[in-house]
Amino acid sequence: MHNLIARQAKTFKSREYVDVMELSQLKMDAVIQNIDSDLWMAVWTMLYGSRNGRNQPVSIAQHLKRMRCLYIVSCMMHASVPACTYPLHTALSDVVDAHSQSSELMKVLARLGAVAGIDTYKRYRQTVINEREKMGVNAEIPRGKFSLATVDNIDKNEPNKRMYCNDQSRGFHGTSIQSVTPMPTTGVTSMPSTASLDPHPGFYCSSLPSRTSEPQAKRTCRSRRRTQMEALSKPVVSFQESPSSNTSPEQPQLTATSTDRHDTSAPCGLQSDQTQQPAGTSTTHEHVPVIMEEVRDQLQQEGSHVTPALTTDVVFSQPWYNRSNITMEHFTLSTNEDQLLVKAQEEHHQFILSSKSQSLKEYYRDARSTAGAAETGKIVYLGVLSEPADSKQTMKHVLDVLHAVFGVGKLTEQLVVVGDGKTFDHLLSLQREYGPALSWLIPYPGDWHLLKALQPVLFKIYWDSGLSSLASAMGYRGESIGALERCSNFRKCHEFLIMTHEAIGRVMVKQHSKPDPTFEELRDYAFNMAKSDDTWEFWANFYFRDIAIYMALWNAIRSSNWSLRLAAVKACAPLFHAFDRTFYLRLVPHHLAHIASLPKEVLDHFSKGGFTVSLSGTAFTHIGLDECHEMCVNKDLKSAIVHPEPGYIDRLARYLPHRGHLLRNIMAELFPSVTPGTDEQPHDNKKTSARLKEREENIASIIAKITATDLLPGTVASNRGLTNPFTKQKADKEQHRDMLSFYDIGTTELHTYVRGRILQIPTVEPPRRQQRLRTFAPATKRKKTVSQQQKAQKLITTCLKRRLAWSQQHGECAVGIGDQLLELPKALTDDGVMPRHGAKSNVTNWYDQVRYKTEDIILSCLPPALPSQSMAVVFDAMFWLNTAPLSSTGTFGSYRDFLLQRWVHKCYKNGGTSVHMVFDDASKAVLSPKSLLRQHRDATATASGADVCMNDHDRPIQEVDLVPRNWKKFLGCRKCKRRLVVFLATKSFAAARKLFTNNRQEFATSGGFTGAYSGKTLGIRACDPGLFEFADIHSDAEEADSRVWRHALPYDHVCIYSPDTDTYHIGLPMLGSNRSVFVQLDMPGSSQSRFLDMAALRHSLNGDPDLEQLPSTSRLRIIQVLFIATGCDYISFFAGIGKNTFYKAFFQHATFISSGIGLETPGTLADTEVCNMNNGLLAFLRLVGCVYYVKHAAAFEANGPSSLFKQHSGDTAKQHHEVWLQAIRDTVWQRVEKEDDYVPSHTALGLHWKRVCWVANTWLQANGAIIATPPLTEFGWAVDGGQKISIVWDTDDHMREVRALVTSLTQGCTCKTGCVGKRCKCARSSKPCGPGCRCKDCRNVKHTQDGTASLPIHDIELEILSSDESPSGSEDDSTTQDCDPTATPSTRLVSTDTEHNHISEELETDTC
C-alpha cells in the first residue's frame, strides 16, 4: 500500500506544472478517474465498506462520500510525498488564502497536511501570472465585422474596515471590462480583409495604486516620473514574433527586440501597419486578467513613428449616426409593434387562466421548450481599471483599451459597448467630442439597467396609490417594505410587481361574466368600467399598459426577442419623460436614433437574439449583456477580492480573475446545483411545492385586500373619482390630471424632445426641464443642511444688529447702521487676492429664454442660405486643446492631424472657403490682468505640492515626439502649453493643405508665431503652393477672444467658434448691419449645437422698447459695458447677484441708469474713456443701487430707486449719488447676515469701475492691429517691482477707518476697579469705555442726552441677564426664543462674562 500511494503521488506531482491553468477548471470526477483503482477501492472500502464509489454518483449523499474519499486519498499522497500538492491541496490553499488572508492559518493547516505550504502556493500563483502574460488577450477574443464589449463599475465595500488618516475609502471602486459573444458559432461575421493586428503579449499594467502615506506616495510618483523621462530617450524591450522555424502557430516564440516604448499606432479609425495575432482556442468563461493603472505603458505597437494620412486613410470617416435617415416613425409604435405588445399580454393572460402549478418563468420556459436549446455565449474578461466608472475620463481610458485589444479598423470594423445609463451618456459625449475618430463606436444601453430604471417610475406612480397597502398585506414590514419603496432590491421589486399584476388579473377575470374570458373580452370589460369610475381607469392603465410594458421588456430579454424589445423600449420612453428620469429620458430617444442607423450586420445580429446572452443554454434563460457583466466578471472578481486593501490588491492584481474562476469552480464541484451524473435540475418536490405555496398565499393576500377595500368593484353606482381606497385619500384637481394623463404628457414631451434635440427642427419649442407631475406620494422636503456654528453665527449676528439699530434710535449706538466691519469689500472678493467668479453664460440663456424668447437669437444649425463662396470660419483654437489625445494617438503629429480632421476638414466639407485657427499670443512681455491669473495658478500649484513639469521647455515640439500621459498636467504648465500652440501654428500648413476640396479655399493661423512673425497671420491657399502673410488681419492682442474679431471683420459671412461668452460681447458694438455673423457656443462634446445670430441679437437690442431712451449710437456699447461691469474674466462678480439679476434690473430702470438725461443723472455706461470716466462712474453707481434696491425691494418705502433718488440731495452730482447709495446701504445692512451680501463702499466701487473701463477700452480696440493698453496702476491694479500684479480693492484711507472701527469694537480695557484711575487705558486716553472693553462696575461712561449714564454694552447685557434669569420654561425663555426661530429653549445670546469674552475673541479673529 505504501508503494502504491508513493507511485500515485509521483504521477500527480509530474502533472503539476504541465498546465497550471486547468486548475481553474478542475473536474473532481476526472481526478477520481486518474487515481489508481486499487488505491481508490482500498480507501473506499475502509471508509464505507462497499466497492462501488468510483462510478458516477446518483445522489447528493453519494457525491458527498466521493468528495471526502478524494480528500483522504489526496492527504495520503501528500503525506507520503510532501511535494505532491496537485490538484486538491493547491486549490484549497487558494481557497484558504482568499477567505482568511491569514498566513498563520495557512501554516497550521499546511503542518497538518490539509493544504499546500505557503511557498508552494506562492510558486503556483507566480506560475499562473507568467502563463497569463504569455497567453496575452487578443487570442481569446473572437472578432468579426463587429464585436461586443461590456463596461460597468465594480465596487467591493468593506464597511467594518479600520480607517486611518490617509485612507480614501473603504473597499475598492473600479471599472471592469469584458468581451461578450452571444452566439459564438453563428453570430460572428468575419472581416473580408486579411489585415491583422499585432499581439499584445503580457497585456498587463501595474497593479492598483497604493494608498500609502503621503511621503511614500510622493517618492513613488517622483520615481515613476524619472523612469518615464529616461524612457523618452532610451529604447526598451518589447516582444514580437520570432522568425524561428521551431515556433508553432499556437505558441509563437517571443523574443526581445529594441524598439520605442510608446504606442505609435494611428488614431482610432485610422489604418496602421500591424501584423497578425495568432489565433488561439478558448472556452466559455475564459479569463484573461488585466489590472490596469496606466494603460499607455502596455499598449505597445512595433514600428517607427508614422504620421497617418487624414482623408485617404480614414476607414470609417462617416459617422453611422445620420440624422437624415431618422424620422418620427422611429420613435413611435408601429402597428406591428403594437400587436407584439398585445400578443405578449395575451400570453400572460393564458398563464393567469391556466393552473397554478408553476411560476410565470417556468410557464414561459415550457412554452418555448419546443424551440430547442439556446446557444451558450462566450465571455472573456478583459480587465479592471482602478478608476470609478462614472467619469468621462475613465470611459476614454476604456475606449483606448478596447480599440487596441479588438484591433478596431483591422480585425473589427465596429464595436458595440454596453453599459448603464451613465456609461451610455459618457460614450455619447465622447463621440460628439472626438467626431469621426470614434465612428467605430456603437454605444448601447444595458437592457437590465433599462428594466431596473422602470421600477422607480412605476413605484413613483402606484406605490402611494395602493401598492404599499398591498405589500403590507403580503407581510412586508420594516426594512423589507423600505427596500420596495426605494427600489433598492431589484429581485424583490420584480417579484412583487409580477404577483400584483397576476392578482389584479385574477380579480378582473373573476368579476367577468364569462368564466374564462379572452384577453380582448377582459380588456373591453375593464375599460367599460373605467368609463364610469376614475379609480377603475387608473388601475386598468396599470394592468393593461404600464406594468404590461415592464413585463414585455422582461419577456423580450428572457426570450431574446428583438422586435418585442424594440416595441417595449419605445413604449417605456414616455414614462421616463413624464417622471423626470434624467438620464433615461435622454438615453432612450438617442438609443432609438442609433438603432435606426445601425449597420446591417449589427441589426441582423440583434434580430437573431444577439442583444442577449445565455449562460446555461436552456430556453427563456437569456439575460441582458449588462446583466451578464454583473453575473460574470463582477461576481467572480468580487469573490476573489475578499479583502479590498491596497497591499492585497497590489500583490494579486494579475491573479484575481484566475482566482475568481477557481473559487467558482470549486464551489460548483463541491456543491453541485444539478443532480450528479445528470444534466437535469434536481427535482425537489417539497421545495418546489413550498415555493409555489408561498407564492399563491401572497397572491391570495393581495386578492383579499383588493376585494375587502373595493379597489376594483364589480359594479359602480357613481364615479368615486381618483381615490386610494386603502387610505381613503382623494386626489385633488392637479393630482387627478397628472395621474390619469401622465402617459399622454410624457408622449408629448418625448415628441418635443425628439423634434428639438434629435431631428433638430428649429421651430420646435425646447422641452421642459422637469414635469414635476404630482401623485399620491408626499412632496419631497429638501432640508438644507446648516451646521451648528452657522446657526450660532446667524443668531448672534441677527441679535447684535437689531440691538445696535435699537440703541441708535435711543441716542446711543456703538456702531452706525451701514458701517463696514471688514476691510475687504466681500461682495467683490473672498480672499483678497482674486476677484469673485460667476456664470457668464447665464446672460446668453437670459437673452434666449427670457428677454427675446419669441425671436430666433439662438439657432440649432446654420441657415442654409449663406453663400458658401464667401463663408469664413474662425476658431478660438485654445478650446481645441481641452480634448485630450486618445491613447492610439501616440505622437504630436498624430494629435495635430486628429484636430484638423475633427474641426477643419468638416468646415471645408460643408462649404467653408476660409478657415482661421486663432490662439492666444503669449509672446508679448507686457503685464496684463491675465498675469494675475497666472500668478494665482502658480501659487496654488506650489501650495498643493503639485508635481513640477520636467519637460524640456527650450526644445520645440516635433511631430515624432510622444504625447504626454497626463494631458491635464501638461496643459497646466504654461511653457508646455505655449510650445504646443507654437507647434500647432507652425506645423499645420502641410497637413491642412491635404484637406482642401477646391481651389478657392484657404487656411490661416495666428497667435503661435514668435520673433519677427509675432502678432502676424500666416496662411496657405489651395490655388498657390506658397505661404502667405495676411497683412490686413494682423493683431497684437493677447487673448484669442479678441483676435477672432480681427480675423472675422474682413468677411461678410462668418461663423466664429468660441464657447466663451466674452467673445460675442466683444464684437457686439463693432459689427455692421450688412454682416452675417454667427458664434457657435457649444463646448466640445455637448449634446446640442447652438449658434448665436449676432445680427438678430443686435436687432433685438436696438428695437427693445425698454432701451429706446438710451443713446442709439452707444446702445450696444452700453450692453457691452453692462456685461463687463457685472463680471467677466478680469472683473469681479457680485456675491449673491448673478448676471440675470443685473440685466433684469437694468432693463427695468434703463432710462434712470444710463440714458444720461437730466443734470442729476449724468453719464451712461458707455462713458469709459479717460475724459468722461467720472460720468460713467455715476451711471455705474446707479446700476449698483438699482440692483440692490430690486433685490431688497420689500424693505423700501419709495416706489422705486428713482423716487428714492429724488428724496436725497447733495452739493454735487457725485455727492448726491453717494448719499442715495448710502441710504440703500443702510437699509440693506439691517437685512443681510454677512458682509458678502453688503453693498461695497463708494471707494471700492470706484476702483471696480476703473477696472471695468480698462477692459472696455481694450475690447474697443479689438478690430485694430495695435492694442494700446492703459497703465494698470491707474485703473485699479498695483504692480510690485514691475513683475507682480495685484488688485487694489479699496483705498488706504477707508481701510484704515474700518480697522479703527473694528479695534474700538473688539479691543479695550479689562479693569476691575471701576475704570477711574490712570491704570485704565481708556480713562488715560480721556475717552469713555466702549463695547470692546471687558471691565466691571465701570464708571468711565458717556452720559446720554437725558443725563443718565450709558453703560458699556457688555455691562448692559450682564445686568439684563442677571436680573431676568429664570428657570427653564419661564417667560424669559420664550422671549429669548422669539429672537430667532432656530434658538432652543436653553439658548441665550450671552450668559456669562466668559461667553461674552469668547464672542469678542471670535469677532476679533474674524475681523483680523
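What follows concerns the packing of helix H15 (residues 490-511) against helix H17 (residues 534-559). Two elements in contact, H15 and H17, have axes whose closest approach is 11 Å; the angle formed by their N-to-C orientations is 130°. Relative to H17, the element H15 lies oblique. Note that H15 runs across H17; the crossing there is left-handed. Counting all contacts with H15, which are made through Phe490, His494, Leu497, Ile498, Thr500, His501, Ile504, Gly505, Met508 and Gln511, the residues of H17 involved are Trp536, Trp539, Phe542, Tyr543, Phe544, Ile547, Tyr550, Met551 and Trp554. Within the contact of H15 with H17, the residues separate by chemical class into 14 nonpolar, 5 polar and no charged.

In this section: helix H13 (residues 447-474). An ideal rise of 1.5 Å per residue puts 40 Å on 28 residues; H13 reaches only 29 Å between its terminal C-alpha atoms. Of all bends in H13, the biggest is about 90°, found at Trp463. Most of H13 is tucked away, with 22 of its 28 residues classed as buried. Positive backbone phi, at 105°, marks Gly475, one or two positions downstream of H13.

Where side chains of opposite charge bring their charged atoms close, a pairing between them can arise. Counted according to the given criterion, the structure contains 45 salt bridges. The partner of Arg896 in a salt bridge is Glu959, and the shortest N-O contact between them spans 2.7 Å. Taken together, the positions of Arg896 in helix H28 (residues 892-909) and Glu959 in the loop between helix H29 (929-943) and helix H30 (967-972) put the pair 63 residues apart, joining distant regions of the chain. Lys930 is paired through a salt bridge with Glu1039; the nearest N and O atoms lie 3.0 Å apart. Note that Lys930 is positioned in helix H29 and Glu1039 in the loop between strand E19 (1024-1029) and helix H33 (1040-1048), a separation of 109 residues in sequence. The network of salt bridges with shared partners includes Glu502, Arg506, Arg695 and Glu696.

Okay, the state of the cysteines next. Under the defined criterion, the tally for this structure stands at 0 disulfides. Free cysteine Cys628: the closest other cysteine sulfur is in Cys632, separated by 3.8 Å.

A separate point is helix H23 (residues 656-670). With 15 residues, H23 ought to run about 21 Å at 1.5 Å a step, and its terminal C-alpha atoms sit 21 Å apart, in line with that. For H23, the tally of buried residues reaches 11 of 15 residues, placing the bulk of the element in the interior. Within H23, burial applies to Leu656, Pro657, His658, Arg659, Gly660, His661, Leu662, Leu663, Asn665, Ile666 and Glu669.

Here the focus is unusual backbone geometry. For the bond from Tyr86 to Pro87, the omega torsion is 0°, close enough to zero to count as cis. Positionally, Pro87 belongs in the loop between helix H4 (60-80) and helix H5 (88-100). With phi around 60°, Ser560 is a residue other than glycine that occupies positive phi space. With a phi close to 60°, Asp580 is a non-glycine residue in the positive phi region. The topology assignment puts Asp580 in the loop between helix H18 (562-578) and helix H19 (582-596).

Turning our attention to the pairing of strand E20 (residues 1053-1057). Counting buried positions over the 5 residues of E20 gives 5, a clear majority of the element. In E20, alternate side chains face the same way, and those of His1053, Cys1055 and Tyr1057 on one face and Val1054 and Ile1056 on the other are all buried. Both strand E15 (residues 871-876) and E20 contribute to a ladder of 5 bridges, which runs parallel. Pairing of Val873 across the sheet is with Cys1055, part of E20. The pairing of E20 with strand E21 (residues 1076-1080) spans 5 bridges and is classified as parallel. The partner of Tyr1057 across the bridge, within E21, is Gln1080.

All right, on to the confidence of the model for the protein then. Do not read the predicted coordinates in detail wherever pLDDT is low. Taken over all residues, the pLDDT of the protein has a mean of 77, while the share at 70 or more is 75%. Here residues 192-320 is modelled with pLDDT under 50, and outside its nearest four sequence neighbours on either side it reaches 317 contacts, counting other chains as well. With pLDDT under 50 throughout, residues 675-683 is counted as low confidence; its partners more than four residues away or in other chains account for 16 contacts.

With respect to the helices and strands, the residue Ser1100 is situated in helix H35 (residues 1094-1102). Judged by its relative accessible area of 4%, Ser1100 is buried. Look past the residues within four positions of Ser1100 in its chain and what remains in contact with it is Tyr852, Glu855 and Ile857.

Residues Lys1318, Lys1321, Arg1324 and Lys1327 make up a contiguous surface patch of positive charge. Residue placement: Lys1318 occurs in the loop between helix H43 (1292-1306) and helix H44 (1321-1324).

Before going further, it helps to examine the packing of aromatic side chains. Under the defined criterion, the tally for this structure stands at 50 aromatic pairs. With a centroid separation of 5.6 Å and 35° between ring planes, the pair formed by Phe459 and Trp463 is classed as tilted. Separated by 4 residues within a single helix, Phe459 and Trp463 lie in helix H13, roughly one turn from each other. What makes Phe459 buried here is its relative accessible area of 3%. One aromatic cluster is present, built from ring pairs that chain together Tyr434, Phe892, Tyr895, Phe898, Trp967, Phe970 and Phe983. The ring of Trp903 has Arg902 sitting right over it, with the charged end atom 4.7 Å from the ring centre. Across the ring face of Phe1028, the terminal group of Arg1021 is positioned such that the distance to the ring centre comes to 4.7 Å.

Thresholds applied
- Residues numbered from 1 in each chain as written.
- Predicted model: local features only at pLDDT ≥ 70, side-chain atom pairs only at ≥ 80, totals over all residues.
- Heavy atoms only, no water.
- Axes fitted to C-alpha atoms, helices over the stretch in contact; angles between N-to-C directions.
- Helix = DSSP H or I, 4+ residues; strand = E, 2+ residues; numbered from the N terminus.
- Parallel < 35°, antiparallel > 145°, perpendicular 65-115°, else oblique.
- Left-handed = near helix turned anticlockwise from the far one by under 90°.
- Contact = heavy atoms within 4.5 Å.
- Nonpolar A, V, L, I, M, F, W, Y, C, P; charged D, E, K, R; others polar.
- Expected span 1.5 Å × (residues − 1).
- Bend = angle between axes of the 7 residues up to and from the residue.
- Buried < 20%, exposed > 50% of the residue type's maximum accessible area, 1.4 Å probe, protein only.
- Salt bridge = Lys/Arg side-chain N within 4 Å of Asp/Glu carboxyl O.
- Disulfide = S-S within 2.5 Å.
- Pairing = 2+ DSSP bridges.
- pLDDT = per-residue confidence, 0-100.
- Patch = residues over 30% accessible without salt bridge, like charges linked within 9 Å, V, L, I, M, F, W, Y side chains within 5 Å.
- Areas by Shrake-Rupley, 256 points an atom, 1.4 Å probe, with all protein chains shown as cover.
- Lys, Arg positive; Asp, Glu negative; His and termini not counted.
- Charge placed at Lys NZ, Arg CZ, Asp CG, Glu CD.
- Phe/Tyr/Trp six-rings, centres within 6.5 Å; stacked < 30°, edge-to-face > 60°.
- Lys NZ or Arg CZ within 6 Å of the ring centre and 35° of its normal.

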